[in-house]
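For reference, the chains in residue letters:
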Amino acid sequence: MRLFNNTYITIIFVGFLVTLLGPGCSKKNIPQGDALYLGASLIIKDSVSSTRERKTIKSDLEHLLRPTPNSKFLGIKFKLGFYNLAGTRNNFASKFLRKIGEPPVLMSYVKISKNVQLLTNFLENKGFFHANVKGDTTVSGNVGKAYYFAVTGNQYKIDSVTFPDDSSNISIAIRSIASATILKRGDPFVLDVIKGERLRIDMHLKEHGYYFFNPEQLIVLVDSTIGGHTVNLFVRYKQDIPYASKQIYSIDKVIIYSNYNLTTALRDTLKTDSEIVNGFQIIDRKKTFKPELFNRILTVNNGSIYNRTNHNLSLSRLINLGTFQFVKN
């Protein structure tokens, strides 16, 4: 009998807590003409993709929707409830409740047209070039929801990929790694993969002296008119990129300022009192380091073609000495 009474009391307590916090937002906390936003529903119409692919697409799209409704735990908006319990009072308890609470997310925060554009752009960047997204809202009393309906259409896949075919050095360098491209025939067109290919080519060029090249100077042209929901891709570098970006650079000199100080920077960079050791021009007036140290650590050499890996390795080794506060090229 005692056990029954204890259980009964617990149920009443939980029931009281749910009653207190469950509604989450009373009408007095909602501005006139507004409503509490309960979230969004998204319906995907896609007769081509598999069930698993549709679930992935839906999950990705749902993560893009803004705003995010008030958080819930066990179906209850506890944080919103705490915020409402704080009221307008300014005592310690109210401040604490507002701090751990969460203000109401209102329907006026929902921008249907912006969300529709976000969803459409996402689908197009995944190869759904003819995607169609619509959205609307409904309000009942002091709560409301958003609804989105997306027709994805067919996802375009890669049919062929071509690289620059002229005789310039930079085109030859790009073609030399064409066989390792991540743009594969039969794979879906995905903008993130396109960006990854640009980074891959840029990394290769940085290893072969193209110091001033950057991935934004590469473009991938898309021909989606060949039929069969496929595309041909043409990897090119922009014709108006600076002359320097197309040139291979070699290292002329390596100059080492071993005791550089921000407060005496002007004097520290003067090349007087420097010495040449194994091709390196070392400026170390305090004679803090043995010149042979830099010969063992640095992987860049006068006359060698610039290489990003060697560049970064030299910086890393200098930092790992634990002697310098910072190392900058």
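Values in this document were obtained by computation on a predicted structure and should not be read as measured data.

Asks: I'm lost on the nonpolar core in this one. Help?
Replies: It is characteristic of soluble globular proteins that their nonpolar side chains tend to be buried jointly. Residues Ile170, Ile174, Ile201, Leu205, Phe213, Leu233 and Tyr237 are the most contacted members of the largest nonpolar core, which totals 22 residues. Of all the elements in the fold, those that place two or more residues in this core are α6 (169-175), α7 (191-206), β5 (218-223) and β6 (230-237). For this core, the leading source of residues is β6, giving four residues. What isoleucine 201 contacts, discounting residues up to four positions off in sequence, is Phe163, Ile174, Ile177, Leu218 and Val235. Counting 21 residues, the second-largest nonpolar core is a separate cluster that includes Ile44, Leu65, Val133 and Ala150.

Asks: When you look at the sheet that holds strand β3 (residues 143-151) in this model, what are you seeing that I'm missing?
Replies: Across a sheet, paired strands are connected by hydrogen bonds in the backbone, their directions being either parallel or antiparallel. An order of β1-β3-β2 is seen for the three strands of this open sheet, with the pairing classed as mixed. Two strands close off the open sheet at either side, each with one partner strand: β1 (36-45) and β2 (132-140). In this sheet, adjacent strand axes meet at a mean angle of 15 degrees when their direction is disregarded. Two elements, β1 and β3, share eight bridges in a ladder whose sense is parallel. Residue pairing for β3: leucine 36 is matched across the bridge by valine 143. Strands in contact with helix α5 (residues 112-125) are β1, β2 and β3; relative to β2, the strand with the most contacts, it is inclined by about 150 degrees.

Asks: Explain the pattern of salt bridges here, please?
Replies: It is possible for side chains bearing opposite charge to pair when their charged atoms get close. Tallied over the full model, the rule gives three salt bridges. Residue arginine 200 pairs with glutamate 197 through a salt bridge whose shortest N-O separation is 2.9 Å. Taken together, the residues span about one helical turn, with arginine 200 and glutamate 197 both in helix α7 at a distance of three residues. Taking relative accessible area as the criterion, arginine 200 reaches 17% and is therefore assigned buried.

Asks: Quick question: what am I supposed to make of the environment of lysine 286 here?
Replies: Looking at the secondary structure, you find lysine 286 in the loop between β9 (280-283) and α9 (291-297). A sequence separation of 28 residues divides lysine 286 from serine 258, and the C-alpha atoms of the two residues are 9.3 Å apart.

Asks: What's the story with the packing of helix α3 (residues 78-86) against helix α4 (residues 92-100) in this structure? I'm lost.
Replies: Helix packing for two helices is described by the angle between their axes and how far apart those axes are. In contact at an axis separation of 7 Å, α3 and α4 are set at 155 degrees when each is read in the N-to-C sense. With respect to each other, α3 and α4 are oriented roughly antiparallel. Crossing geometry of α3 relative to α4 is assigned as left-handed. On α4, the residues that touch Lys79, Phe82, Tyr83, Leu85 and Ala86 of α3 are Ser94, Leu97, Arg98 and Ile100. Residues of the contact of α3 with α4, tallied by class, amount to six nonpolar, one polar and two charged.

Asks: Is there a simple way to explain the packing of aromatic side chains in this structure?
Replies: One pair of aromatic rings is described through two measures. These are the centre distance and the angle between the planes. As enumerated under the stated definition, the model contains seven aromatic pairs in all. On the basis of an interplanar angle of 35 degrees and a centroid distance of 4.9 Å, the ring pair of phenylalanine 129 and tyrosine 156 is categorised as tilted. On the criterion of sequence distance, the pair formed by phenylalanine 129 in the loop between α5 and β2 and tyrosine 156 in the loop between β3 and β4 (157-162) is long-range, its members being 27 residues apart. When its relative accessible area of 8% is taken as the criterion, tyrosine 156 is described as buried. Centre to centre, the rings of tyrosine 211 and phenylalanine 212 are 4.9 Å apart; their planes meet at 85 degrees, and the pair counts as edge-to-face. Residue tyrosine 211 is classed as partly exposed on the basis of its relative accessible area, which comes to 34%. Taking the relative accessible area as the measure of exposure, phenylalanine 212 reaches 42% and is therefore partly exposed. Through pairs of rings, three or more aromatic residues link up here, namely Tyr211, Phe212, Tyr249 and Tyr306.

Asks: Help me understand the packing of helix α2 (residues 51-64) against α5 in this model?
Replies: Running from amino to carboxyl end, α2 crosses α5 at an angle of 140 degrees, the nearest separation of the two axes being 10 Å. Seen from above, α2 lies across α5 with right-handed handedness. Facing Ile57, Asp60, Leu61 and Leu64 of α2, the residues of α5 in contact are Asn115, Leu118, Leu119, Phe122 and Leu123. Split into classes, the residues belonging to the contact of α2 with α5 amount to seven nonpolar, one polar and one charged.

Asks: I keep staring at the environment of phenylalanine 324 and nothing clicks. Help me out?
Replies: Looking at the element boundaries, phenylalanine 324 is found in the segment after α10 (308-320). We classify phenylalanine 324 as partly exposed; its relative accessible area is 22%. Sequence spacing of phenylalanine 324 and serine 258 is 66 residues, and the spatial spacing of their C-alpha atoms is 8.7 Å. With near-sequence residues (within four places) excluded, phenylalanine 324 lies in contact with Ser258, Phe289 and Leu318.

Asks: What exactly am I supposed to notice about the side chain of aspartate 202 here?
Replies: By the secondary structure assignment, aspartate 202 is in helix α7. Of note is the side chain of aspartate 202, whose polar atom sits 2.9 Å from the side chain of lysine 206. If we ignore the near neighbours within four places in the chain, the residues touching aspartate 202 are Phe213, Asn214 and Pro215.

Asks: What is the right way to read the sheet that holds β5 from this model?
Replies: If you trace the three strands from one edge of the open sheet to the other, you get β4-β6-β5, paired in mixed fashion. The open sheet terminates on both sides in strands that have one partner only, identified here as β4 and β5. Between one strand and the next, the sheet's axes are offset by a mean angle of 30 degrees, whatever the strand orientation. Both β4 and β6 contribute to a ladder of five bridges, which runs parallel. Bridge pairing links lysine 157 to threonine 230 in β6.

What counts as what
- Residues numbered from 1 in each chain as written.
- Predicted model: local features only at pLDDT ≥ 70, side-chain atom pairs only at ≥ 80, totals over all residues.
- Heavy atoms only, no water.
- Core = buried A, V, L, I, M, F, W, Y, C linked by side-chain atoms within 4.5 Å.
- Buried < 20%, exposed > 50% of the residue type's maximum accessible area, 1.4 Å probe, protein only.
- Helix = DSSP H or I, 4+ residues; strand = E, 2+ residues; numbered from the N terminus.
- Contact = heavy atoms within 4.5 Å.
- Pairing = 2+ DSSP bridges.
- Axes fitted to C-alpha atoms, helices over the stretch in contact; angles between N-to-C directions.
- Salt bridge = Lys/Arg side-chain N within 4 Å of Asp/Glu carboxyl O.
- Parallel < 35°, antiparallel > 145°, perpendicular 65-115°, else oblique.
- Left-handed = near helix turned anticlockwise from the far one by under 90°.
- Nonpolar A, V, L, I, M, F, W, Y, C, P; charged D, E, K, R; others polar.
- Phe/Tyr/Trp six-rings, centres within 6.5 Å; stacked < 30°, edge-to-face > 60°.
- Polar contact = N/O pair within 3.5 Å; in protein donor to acceptor, adjacent residues only side chain to side chain.

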